[in-house]
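Overview (structure and organization)
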Amino acid sequence: MGNKQPFDLTVKKPNAFWNITERILSSFQLLSVGGNITKVNCEGLKPPYLVLSNHGSMIDFPILLKATFPHPVNWVVALDGFVGRQGVSKNIGMICKRKFTNEISTARNILKILTQKKGIVTIYPEARWSICGVPERLDKALGKLVKAAKCPVVVLIEYGNFLLDPQWDVAHKRKVPVSAVFTQVVTRQEAETLPAEEIQARIEKMFSYDQYEWQYKNRIEIKSKYRANNLHKVLYRCPHCNTEFKMNSAFSELWCEECGSRWKMDVYGRLHCTNGEDTFNHVPDWYRWERQTVREEVRSGNYSFKDVARLELIKSAREGWVPLGNVTFTQGYDGMSITGTLDSGETIQFSRDTSENYSCHVEYDFKGRGDCVEFCAPKDTYYVYPLNSPNCATKLHLAAEELHDFVKQQRESNK
Ligand SMILES: [Zn+2]
């Protein structure tokens, strides 16, 4: 299924025209959210440096530009950021990457900007939009990258960005102030002297945030009537009757279609059960409980997922997503796979072992075409839409990580 040069994998540092243009355009986006940035330990900080940021919504780009003013910035973005706009994406410094794959071209491009062009590179190391307003797993190779680049590292943690426009309900933007803390965590000298493991540990320690806790502690009122709309995409399991995939939501309410339990979200982001015992008031607590139930299922040896799925491939930056037909999608202890006969008559058999993906990327109602898993090989990016398993995306994400950990542990103990 490979394509020759479907995407431009080269990189360039934005020139003065593009740097100024994107800064002017992005400044308008900050008008309604504030965008206060607190800088910590940044005295004398000058490019080149690496920025690692959390990722909640599109407001992250103007916030980053404000924090790095006036220097040009390069960004590592997912491949779909190039579809239909490769020229502009290249000019504003984007470096395209397939998710959860080890591409040599990405590392080479990052190092080229940092070491040869003396620029700023931004990575969103959780490799996804925030799912529940708390940190997701980070790429484990960040420490090694910093050692190779020998440059300072700044961590940018934003607050309010996720609550403003969560990826599972982008149609209803909430009114939320956004602020950020921009902290130099590794100086140029430390990048040379500290071991990669310590640099990695420092970075991971800085990725500690809880958007709902921030909202509650700072008494940030979200008055939007849609404040819990689509929350069932993440909170898919009922804590009262333990049923999966029967949760639903609309406006500020969340309920279970199976047992009828209902919750209402107040203006400070807290959930309250309106017809029974309170279980989780705090959204991330509910999410962490779901992860625990998936972990137990995986470790019991009984986890499996199989469904017919609609398959799309990002063919090239120009052609975008191309429908290929229906296939069988599975996720289990051997990893994820797609098999079947495509509309073209060609057969497909593609799989990735659990060891090859420490996580998987999911999208909620991607471009109005449904919830899907983005399934990447080094040369191909598939979008897999399970057809008979409503609301399974969050569980597939959690299961990919738990399967990765469990299988790794099992293989190590069997050595
Ligand atoms: Zn229930």
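Owing to the predicted nature of the structure, the values given are computational and were not obtained by experimental measurement.

1. Here we look at the overall build of the protein
From N to C terminus, the protein includes 11 helices and 18 strands. The C-alpha radius of gyration computed for the protein amounts to 22 Å, which stays within 12% of the reference 22 Å derived for 415 residues, consistent with globular compactness. Projected onto its principal axes, the C-alpha positions of the protein cover 60 × 55 × 45 Å. For the protein, the proportion of contacts with a sequence separation of at least 24, taken over those separated by at least 6, is 65%.

2. What about the domain arrangement of the protein?
One can read the domain layout of the protein as domain 1 (16–217), domain 2 (231–299) and domain 3 (305–413). At the junction of the two partners, domain 2 supplies 12 residues and domain 3 supplies 12 residues. Looking at side-chain class alone, the side of domain 2 that touches domain 3 contains 5 nonpolar, 1 polar and 6 charged residues.

3. A few points about unusual backbone geometry
In this model, Pro 47 is joined to Pro 48 through a cis peptide bond whose omega is 0 degrees. With respect to the element layout, Pro 48 can be found in the loop between strand S1 (34–40) and strand S2 (49–53). Following Phe 69, the chain continues to Pro 70 via a peptide bond in cis, the omega torsion being 0 degrees. Relative to the helices and strands, Pro 70 is located in the loop between helix H2 (60–68) and strand S3 (73–78). For Lys 150, which is not glycine, the phi torsion reads 50 degrees and is therefore positive.

4. Considerations on the packing of helix H1 (residues 16–29) against H2
For the pair H1 and H2, the least separation of the axes is 9 Å and the interaxial angle reads 120 degrees. Taken together, the axes of H1 and H2 are oblique relative to one another. Handedness of the H1/H2 crossing: left-handed. The segment H1 lies against H2, with Glu 22, Arg 23, Ser 26, Ser 27 and Gln 29 engaging Phe 61, Pro 62 and Leu 65. Grouping the amino acids of the contact of H1 with H2 by side-chain chemistry returns 3 nonpolar, 3 polar and 2 charged.

5. Thoughts on the sheet that holds strand S5 (residues 120–123)
Spatially, 7 strands are ordered S1-S7-S6-S2-S5-S3-S4 in an open sheet, and the strand pairing comes out mixed. Each of the sheet's edge strands pairs with one partner strand only, and the pair in question is S1 and strand S4 (94–97). Along the sheet, successive strands turn relative to each other by an average axial angle of 25 degrees, direction set aside. By the bridge criterion, 4 bridges tie S2 to strand S6 (residues 153–159) in an arrangement that is parallel. Note on S6: the bridge partner recorded for Ser 53 is Leu 156.

Analysis parameters
- Going along each chain's sequence as written, the residues are numbered from 1 onward.
- The predicted origin of the model limits local features to residues at a pLDDT of at least 70 and limits the giving and counting of side-chain atom pairs to 80 or more, whereas totals for whole chains, interfaces and linings rest on all residues.
- Strands here are runs of E lasting at least two residues and helices are runs of H or I lasting at least four, both read from the DSSP assignment and numbered beginning at the N terminus.
- Each radius of gyration reported is based on C-alpha atoms, and the globular scaling rule is 2.2 Å times the count of residues to the power 0.38.
- Residue pairs qualify as contacts under a 7 Å threshold applied to their C-beta atoms, which are placed from the backbone.
- The split of the chain into domains comes from an automatic or database domain assignment.
- Residue polarity follows a fixed list, in which Ala, Val, Leu, Ile, Met, Phe, Trp, Tyr, Cys and Pro are nonpolar, Asp, Glu, Lys and Arg are charged, and the others, Gly among them, are polar.
- Lines fitted to the C-alpha atoms define the axes, with helices restricted to the stretch that makes contact. Angles between their N-to-C directions range from 0 to 180 degrees.
- An angle below 35 degrees is treated as roughly parallel, one above 145 as roughly antiparallel, one from 65 to 115 as roughly perpendicular, and anything else as oblique.
- The crossing is said to be left-handed when, going from far helix to near helix, the turn is anticlockwise and less than a right angle, and right-handed when the turn is clockwise.
- Pairs of strands are assigned from DSSP output, requiring at least two bridges between the strands.

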